[in-house]
Amino acid sequence: MNPQPLGTLKGFAVTFRQIFRKPITQQYPEYKRPVYPRFRGRHRLWKHENGLEKCVGCSLCAAACPADCIRVVAEENTAENRVSAGERYARIYEINLSRCIFCGYCELACPFDAITLGNEFEIAEYSRDDLIYTKDMLLAEPIKRVPVADREQFDTPEPAYKTSS
Amino acid sequence: MHVEWYVSLIQAVVIINLVMVTFAYLTLAERKIMGRMQLRYGPNRAGPYGLLQPIADLVKLLNKESFQPTAAIDWLYVLGPFLACFTALTTFSVIPFGPGWEIGGVYIPGQVADIDIALILIFAIGSVGIYGFIIGGWSSDSKYALLGAMRTCAQLVSYEVSLALSVLGVVIMAKSLSLTEIVAAQSDTVWYAVPQFVGLVVFFLAGTAETARAPFDLPEAEQELVAGYHTEYGGMRFGLYSMSEYINLITLSGLCVTLFLGGWHGPGWDGATWAGPLWFLGKLILLLFLFIWMRATLPRLRYDQLMRFGWKILLPIAILNAIVTAIVVVAV
């Protein structure tokens, strides 16, 4: 053992000095740090401007999903019941968020940009059943608003898979 | 002076509860101060400034299931925490915190029990307390708990020697083992922190090891032993262990105040007679802060470093201190 009394005392001085400095903690529920613009939060289904759903029920997202958390049941559009812009639409579209790993592959696989990953991350629930999001929930505007950092300042260039397609 | 039995009883209840409250808020203070030293806030959610945190912790611990490993030895497993906690609380009874008062014709002494061999009693009960840790670690049938218990055993036994020898100087100077007389001797002459400074330093370091505080917290070294001897404990049984550790710390600080820092006397001026407990508490808080400060500053020692420090540095210094004190006292 190599005792260093002076260094030890210096260490005591350092720890004591910290007491008078302001803590760097961010008090979370009161202060929400803005998320990164391309942060992958909970999913969102989109509609066209004319009100028709973008999703055509092709199940490519379900196929791409590594966690197997998406369930799509498709049905034909008819003249009386036109839901989506394509030939078919998703009668059932469910995402089990307790299985989802937020990898974003569903967004990547979607040929119509119908599903995207939003910025919302406060999606904890008391029951597992409440974590199964149905189509209505995914189509609705998110209730909770999450501050997002300035896109100009923090966003990275458009990813190659989006620019090339 | 004659002390009525019911006075002692009431006093014991009051003191035990005061020690418990001190323990509860010591945990909060420790978390707060360490938080600040690490640029964090510490607990600040339960009540204003987190002041209800100890109560929240208590409720949480009490509500937990009292489980135990299948292979654990039942009665020893239950006995361990109780023994540790009982001995920790008992020790505080002999520490004087005031001059003694006369209220309504009833004499209230400055401590629960004024015993002639109080110092020896403290060490004796402290040694019994070690059994609580060893029994708990051994009976819970877990390798981490057993390793933790063995470390606790080895560390406490080796540092108890230095601890006992470091107070020898004080005993020689005060010519008494009674804590009240040691306090009185200090107010007559000078606080023993001055002539017995070496003894104070040895006592403080050995005491840190004795209560298994950082940097000597090898018995519960989280990174290697999970939690040490109380790995298999949960709920309030764990709470009792945690409590006994903190109360040991409080008692040790109280003993340090009594032996080296003039006990309940103020520095050269006592103030009113009721100010005794306040002086005592003030010094106690100062020492406890020092322990917390040390925990936030120093990293843990390696096991061989711990043993070498105990046997090759602390023990010779303690013996030398005792011998030199004896020579000086005899010569002068």
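Further up the page is the structure itself.
Okay, so let's go over this structure. None of these values were measured; they are calculated from a predicted model.

### Points about the sheet that holds strand 5 (residues 132-133) of chain A
Part 1: Pairing within the open sheet is antiparallel, and its three strands lie in the order 2-3-5 (chain A). The open sheet has two free edges, formed respectively by strand 2 (70-76) and strand 5 of chain A, since each of these has just one partner strand.

### Quick look at helix 1 (residues 5-37) of chain B
Part 1: Helix length check: helix 1 of chain B (33 residues) gives 46 Å between terminal C-alpha atoms against 48 Å at 1.5 Å per residue, within 8%.
Part 2: Every buried residue of helix 1 of chain B is listed here: Val19, Thr22, Phe23, Leu26, Leu28, Lys32, Gly35, Arg36 and Met37 of chain B.
Part 3: Contacts made by the buried residues of helix 1 of chain B are with helix 1 (5-18) of chain A together with helix 2 (53-63), helix 3 (74-91), helix 10 (235-260) and helix 11 (276-297) of chain B.
Part 4: Backbone geometry just downstream of helix 1 of chain B places Leu39 of chain B in the positive-phi region, at approximately 60 degrees.

### Considering unusual backbone geometry
A negative phi angle characterises most non-glycine residues, just as the trans form characterises most peptide bonds.
Part 1: The backbone of Ser59 of chain A shows a phi angle near 65 degrees, a positive value even though the residue is not glycine.
Part 2: Relative to the elements of secondary structure, Ser59 of chain A occurs in the loop between strand 1 (43-45) and helix 2 (60-64).
Part 3: You can call Ser59 of chain A partly exposed: it has 18 C-beta atoms within 10 Å.
Part 4: Backbone geometry at Ala212 of chain B places phi at a positive 55 degrees, although glycine is not the residue there.

### Quick word on the packing of helix 5 (residues 143-166) of chain B against helix 12 (residues 303-331) of chain B
Residues and elements named next belong to chain B.
Part 1: Where helix 5 meets helix 12, the axes come as close as 8 Å, and the angle between the chain directions of the two elements is 20 degrees. Here helix 5 lies roughly parallel to helix 12, going by the angle between them. The two elements helix 5 and helix 12 meet at a crossing, and its hand is left-handed. Residues Gln155, Ser158, Tyr159, Val161, Ser162, Leu165 and Ser166 of helix 5 lie in contact with helix 12, whose contacting residues are Leu306, Met307, Gly310, Trp311, Leu314, Leu315, Ala318, Ile319, Asn321 and Ala322.
Part 2: Residue classes in the contact of helix 5 with helix 12 are distributed as eleven nonpolar, six polar and no charged.

### Some words on the interface of chain A and chain B
Interface size is commonly expressed as the accessible surface area that is lost when the partners come together.
Part 1: Each partner contributes residues to the interface: chain A has eleven residues there, and chain B has twelve residues.
Part 2: Of the residues belonging to the side of chain A that touches chain B, the class tally is six nonpolar, four polar and one charged.

Rules of the game
- Residues numbered from 1 in each chain as written.
- Chains lettered and ligands numbered in written order.
- Predicted model: local features only at pLDDT ≥ 70, side-chain atom pairs only at ≥ 80, totals over all residues.
- Pairing = 2+ DSSP bridges.
- Helix = DSSP H or I, 4+ residues; strand = E, 2+ residues; numbered from the N terminus.
- Expected span 1.5 Å × (residues − 1).
- Buried ≥ 20, exposed ≤ 12 C-beta atoms within 10 Å, placed from the backbone.
- Contact = placed C-beta atoms within 7 Å.
- Axes fitted to C-alpha atoms, helices over the stretch in contact; angles between N-to-C directions.
- Parallel < 35°, antiparallel > 145°, perpendicular 65-115°, else oblique.
- Left-handed = near helix turned anticlockwise from the far one by under 90°.
- Nonpolar A, V, L, I, M, F, W, Y, C, P; charged D, E, K, R; others polar.

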